[in-house]
Amino acid sequence: TGDGILVVDREGAITSANHKFAELWKIPAELLAAKDDAAAIAFVMDQLENPEVFAAKVAELYAHPEALSHDVLYFRDGRVFDRYSQPQFVDGGPLGRVRSSRDSTDRQRLQEQLAHQALHDSLTNLANQSLFRDRVEHALTRLDHSGGNLGVLFLDVDNFKTVNDTLGHQAGDRVLLAVGSILTAACRGTDVAARYAGDEFLLLLPGLNEVHAGQVCERIVDDVHRLADELVLGGIRVTLSVGTAVTHHCKRTATQLIAIADAAMYDAKEGGKDRVVAVDA
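Residues numbered from 1 in each chain as written. Predicted model: local features only at pLDDT ≥ 70, side-chain atom pairs only at ≥ 80, totals over all residues. Heavy atoms only, no water.

## Quick look at the environment of leucine 123
Part 1: Tracing the chain through its elements places leucine 123 in the loop between helix 5 (105–119) and helix 6 (129–146).
Part 2: Sequence separation between leucine 123 and valine 246 is 123 residues, and the spatial gap between their C-alpha atoms is 28 Å.
Part 3: Residues contacting leucine 123, with those up to four places away along its chain left out, are Asp173, Leu176, Leu177 and Arg195. (Helix = DSSP H or I, 4+ residues; strand = E, 2+ residues; numbered from the N terminus. Contact = heavy atoms within 4.5 Å.)

In structure tokens, the structure reads:
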């Protein structure tokens, strides 16, 4: 088998272990030869991120000799193991336990990668629409409990189509990446930046009122102005049109707040671009 197998009796003495078990857990041969499960457990606990949880699970299984168990173990060096434990029955009664361990690090990393890709924009690595809406809904729930304000910013890159049509998509991608970096830099711990679609971005600002949201907008717009000077865009002027929706009503939904901020952004566009329009939502 490719799994690490350890068998112990009801008193905790090791009755057998295969080579794969020693290899996976990096247990010295002399320690396994001593057949002391407690000593082996003490050795491996230093390798784990949450040794107390591991020890509690071992104690629980000794207290319930007929229980089945599966848990996931996280190691300090980044490895991840699936660990299974089930009773060993002889003549209908539990004689001990069989524990099997499997290195699932690659599978775990792949799952995390796929989960990240499902919720983030592939170009900018910002949150996507789905994750942003979820974060807004959570913020609205907190607003219901603690009060305060919540701001949603809808940002659109002015003259982006001209950049794409004139200089090509690589130049357009450089602009989007730079704007994404500016929004990330503007975020505090509870803020969320997202790419909505194309050249449209979103920013969630929990706890900010109209004044503070306006200050954040000014800083972002100024940073984009500097960005336009740094990027070689053949004289094309890249700016931002921004709509902000600030609410203290928990009865609003994420979809409503985004729509209100979106409408304010279009007002900024129609007013001449490179502007910020704020709305009390």
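Additional details are given in the paragraphs that follow.
## Side note on helix 4 (residues 51–63)
Part 1: Taking 1.5 Å of rise per residue, the 13 residues of helix 4 would be expected to cover 18 Å, and the 18 Å separating its terminal C-alpha atoms lies within 8% of that figure.
Part 2: Within the sequence span of helix 4, burial applies to Pro51, Phe54, Val58 and Leu61. With its buried residues spanning 90° around the axis, helix 4 presents them on a single face. When the buried face of helix 4 is taken as reference, the exposed residues oriented beyond 90 degrees from it are Glu52, Val53 and Ala63.
Part 3: For helix 4, the elements touching its buried residues are helix 1 (19–25), helix 3 (37–45), strand 3 (69–74), strand 4 (80–90) and strand 5 (93–103). (Expected span 1.5 Å × (residues − 1). Buried < 20%, exposed > 50% of the residue type's maximum accessible area, 1.4 Å probe, protein only. Arc of directions from axis to C-beta.)

## Structural notes on the sheet that holds strand 2 (residues 14–17)
Part 1: Strand order in the open sheet formed by 5 strands is 2-1-5-4-3, and the pairing between neighbours is antiparallel. At either margin of the open sheet sits one strand with a lone partner, and together these are strand 2 and strand 3. Within the sheet, the average angular offset between the axes of one strand and its neighbour, ignoring direction, is 20°.
Part 2: The sheet contact formed by strand 1 (residues 4–9) and strand 5 spans 6 bridges and is antiparallel. Bridge pairing in strand 5 places leucine 6 opposite arginine 99. (Pairing = 2+ DSSP bridges. Axes fitted to C-alpha atoms, helices over the stretch in contact; angles between N-to-C directions.)

## Notes on the packing of aromatic side chains
Part 1: Scanning the entire structure with this criterion turns up 6 aromatic pairs.
Part 2: Measuring from ring centre to ring centre gives 5.4 Å for tryptophan 25 and phenylalanine 75, while their planes differ by 55°; the resulting arrangement is tilted. Here tryptophan 25 is found in helix 1, whereas its partner phenylalanine 75 is found in the loop between strand 3 and strand 4, with 50 residues between them in sequence. Residue tryptophan 25 shares its accessibility class with phenylalanine 75, and that shared class is buried.
Part 3: Ring centres of phenylalanine 154 and tyrosine 196 lie 5.1 Å apart, and the angle between their planes is 65°; this geometry places the pair in the edge-to-face category. With phenylalanine 154 in strand 6 (residues 150–158) and tyrosine 196 in strand 7 (residues 192–197), this residue pair connects regions lying 42 residues apart in the sequence.
Part 4: The class of phenylalanine 154 is buried, set by a relative accessible area of 0%.
Part 5: In this arrangement the basic side chain of arginine 79 is found over the ring face of phenylalanine 75, its NZ or CZ atom lying 4.3 Å from the centre. (Phe/Tyr/Trp six-rings, centres within 6.5 Å; stacked < 30°, edge-to-face > 60°. Lys NZ or Arg CZ within 6 Å of the ring centre and 35° of its normal.)

## Concerning helix 10 (residues 254–270)
Part 1: Over its 17 residues, helix 10 extends 24 Å from the first C-alpha to the last, a length consistent with the 24 Å expected when each residue adds 1.5 Å.
Part 2: Of all the residues in helix 10, the buried ones are Ala254, Leu257, Ile258, Ala261, Ala264, Met265, Ala268 and Lys269. For helix 10, the arc enclosing every buried residue in end-on projection is 150°, short of the 170-degree limit, so these residues lie on one face.
Part 3: Against the buried residues of helix 10 lie helix 6, strand 6, strand 7, strand 8 (200–206), strand 9 (239–247) and strand 10 (276–280).
Part 4: Of the residues flanking the end of helix 10, it is glycine 272, one or two places downstream, whose phi is positive at about 120°.

## A word on the side chain of aspartate 82
Part 1: Following the sequence through the fold, aspartate 82 ends up in strand 4.
Part 2: Looking at aspartate 82, its side chain comes within polar contact range of the side chain of histidine 70, at 2.7 Å.
Part 3: Setting aside anything within four residues of it in sequence, one finds aspartate 82 in contact with His70, Asp71, Val72, Ser100, Ser101, Arg102, Ser104 and Arg107. (Polar contact = N/O pair within 3.5 Å; in protein donor to acceptor, adjacent residues only side chain to side chain.)

## As for the sheet that holds strand 7
Part 1: If you trace the 5 strands from one edge of the open sheet to the other, you get 7-8-6-9-10, paired in mixed fashion. Each edge of the open sheet is held by one strand with a lone partner, namely strand 7 and strand 10. Here the strands of the sheet are splayed against their neighbours by 20° on average, with no regard to which way each runs.
Part 2: Where strand 7 lies against strand 8, 5 bridges are found, and the strand directions are antiparallel. From the neighbouring strand, valine 192 faces strand 8, where its bridge partner is leucine 204.
Part 3: Contacts from helix 8 (residues 169–186) reach strand 6, strand 7 and strand 8, with the element oriented near 5° to strand 8.
Part 4: Packed onto the sheet, helix 10 meets strand 6, strand 7, strand 8, strand 9 and strand 10 and runs at close to 140° relative to strand 9.

Such coordinate-based values are descriptive only and should not be taken to indicate function.
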